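Survey of secondary and tertiary structure
Okay, here's what each chain looks like letter by letter:
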Amino acid sequence: MLNIDLNELEDKLKPVIGIVDSIEPIGNHNLQRHLVYKLSCGNKKYVIKIYYKKNRWNRELASLKIFANTEVLVPKIVDYGVSNNGLEWLIYDYIEGELLSQVDKKLSLDNLKEIYYGMGRQLGIIHYYKEFNFFGSMDENARSIQGFTTYREYFEDLINRMLSELYSFEHQNLILLKQAENQLKSMYSILDEVNKATLCHNDFGPRNILVSEVDGKYYLKAIIDFEQCIPTDVDEELVQVYLPLIEKNKVLAESFKLGYEKFGVINKDKLNSKKDFYNLHKGLGICAWAKEVDYEYYLEGIKILEETMNKFRPHH
């Protein structure tokens, strides 16, 4: 279980940000991935994130460093490090705002269009800012950890690790999972088409978009949560971000595309040809970790697999 002595934390932070007046938890602590606190120090506010899952701190840190002083709206790093007992931590400026996922229902369509245009633009900058010569995880200085130079090597390794996690506990839907695994593996030729390593956020959406209100109108303030950010296949991110948006709201999808295409092209046919492959990957990935932690989400993973596998079954 994650726990931390807040008094001890305050003492440790004193040399970095001064006396801490108050500490309040603001993250999804129930997911047991890390602890996130808002710190108030006089008239300054900060966020401290303490990472309990391996390989998250380094990615977030590398991404925030890459996009510091660019047009990408990322939080500003204040300090970071690894404590004596190996806990990785990061402090960045607190950004006043609300998550788009919490306010989007009350926003006008015109207001949302502007925000989605901005989101598309932001993702376009992230994708086209620089090219990488490796795929997969990166250290805090944006250097390759795993040394994969082809997408196929990276992806096969990822799937093998994911499957060993997936089958390490019981599932009622074992037949479905096995069918999905076999279908995914039969489509591996898709992997050989990817020859460009693109930095992807990999959790881009309303729950990681901060907006703030001025005179009744909301503006895009920041993109947060870069802990999944690695060089990978740009189409995977667009399959998960852009295609569902078309189904949900064509108008917002169009605004998003307009913003994105200031920097790169969205090829819808290409995305559709990869959609089933990446949805199988997503569904299996969710089922590999969510059962004990977030059962609702686990069921969502099962649903994704059901819906995708239905397309491959003979229809009479």
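Now for a description of the structure that goes with this document. (Residues numbered from 1 in each chain as written. Predicted model: local features only at pLDDT ≥ 70, side-chain atom pairs only at ≥ 80, totals over all residues. Heavy atoms only, no water.)

**Regarding the packing of aromatic side chains**
Per the counting criterion, the structure on display carries 18 aromatic pairs. Judged by centre distance (5.8 Å) and plane angle (40 degrees), the ring pair of Tyr 151 and Tyr 154 falls under tilted. Of this pair, Tyr 151 and Tyr 154 both sit in helix H5 (residues 151–166), three residues apart, which is roughly one turn of the helix. As far as the burial class goes, Tyr 151 and Tyr 154 line up, both buried. Ring geometry for Tyr 295 versus Tyr 298: centroids 5.5 Å apart, planes at 25 degrees, classification stacked. Linking Tyr 295 with Tyr 298, this pair stays in helix H10 (residues 295–310), spanning three residues, or about one helical turn. Tyr 295 gets classed as partly exposed once you look at its relative accessible area, which sits at 40%. You can call Tyr 298 buried: its relative accessible area is 1%. Ring-pair connections join several aromatic residues into one group, and the members of that group are Phe 135, Phe 148, Tyr 151, Tyr 154, Phe 155, Tyr 188, Phe 277 and Tyr 278. Here Lys 130 stacks its cationic end above the ring of Phe 132, 5.0 Å away from the centre of that ring. Positioned over the ring face of Tyr 167 is Lys 178, at 4.1 Å from the centre of the ring. (Phe/Tyr/Trp six-rings, centres within 6.5 Å; stacked < 30°, edge-to-face > 60°. Helix = DSSP H or I, 4+ residues; strand = E, 2+ residues; numbered from the N terminus. Buried < 20%, exposed > 50% of the residue type's maximum accessible area, 1.4 Å probe, protein only. Lys NZ or Arg CZ within 6 Å of the ring centre and 35° of its normal.)

**Concerning the side chain of Ser 212**
Its place among the elements puts Ser 212 in strand S9 (residues 209–214). Look at Ser 212 and you get buried, because its relative accessible area is 13%. Other than its neighbours up to four places away in sequence, Ser 212 contacts Glu 96, Gly 97, Lys 217, Tyr 218, Tyr 219 and Lys 221. (Contact = heavy atoms within 4.5 Å.)

**Considerations on the side chain of Asp 93**
The residue Asp 93 is located in strand S5 (residues 88–93) in this model. The residues contacting Asp 93, other than those within four sequence positions of it, are Lys 44, Lys 45, Tyr 46, Pro 75, Lys 76 and Val 78.

**Points about the sheet that holds strand S11 (residues 230–232)**
Taken in spatial order, the three strands of this open sheet run S7-S8-S11, and their pairing is antiparallel. With partners counted over all chains shown, the strands left at the sheet margins are strand S7 (131–132) and S11, one partner each. Where S7 and strand S8 (residues 197–200) come together, two bridges link them in antiparallel fashion. Bridged to Phe 132 within S8 is Ala 197. (Pairing = 2+ DSSP bridges.)

**A short note on the pattern of salt bridges**
For the coordinates displayed, the defined rule picks out 24 salt bridges. Between Lys 274 and Asp 233 there is a salt bridge whose closest N-O contact spans 3.1 Å. Of the two residues, Lys 274 sits in helix H9 (residues 268–293) while Asp 233 sits in the loop between S11 and helix H7 (234–248), which places them 41 residues apart along the sequence. One salt bridge connects Lys 270 with Asp 235, and the closest N-O pair in it is separated by 3.0 Å. Taken together, the residues span a long stretch of sequence, with Lys 270 in helix H9 and Asp 235 in helix H7 at a distance of 35 residues. Since its relative accessible area comes to 37%, Lys 270 is described here as partly exposed. Overlapping salt bridges bring together Lys 49, Arg 56, Glu 60, Asp 225 and Glu 227 as one network. (Salt bridge = Lys/Arg side-chain N within 4 Å of Asp/Glu carboxyl O.)

**As for the pairing of strand S4 (residues 77–82)**
By the bridge criterion, five bridges tie S4 to S5 in an arrangement that is antiparallel. Its bridge partner lying in S5, Tyr 80 is registered against Leu 90. Hairpin connection, S4 to S5: the antiparallel pair is bridged by five residues, and Gly 86 has positive phi, about 90 degrees.

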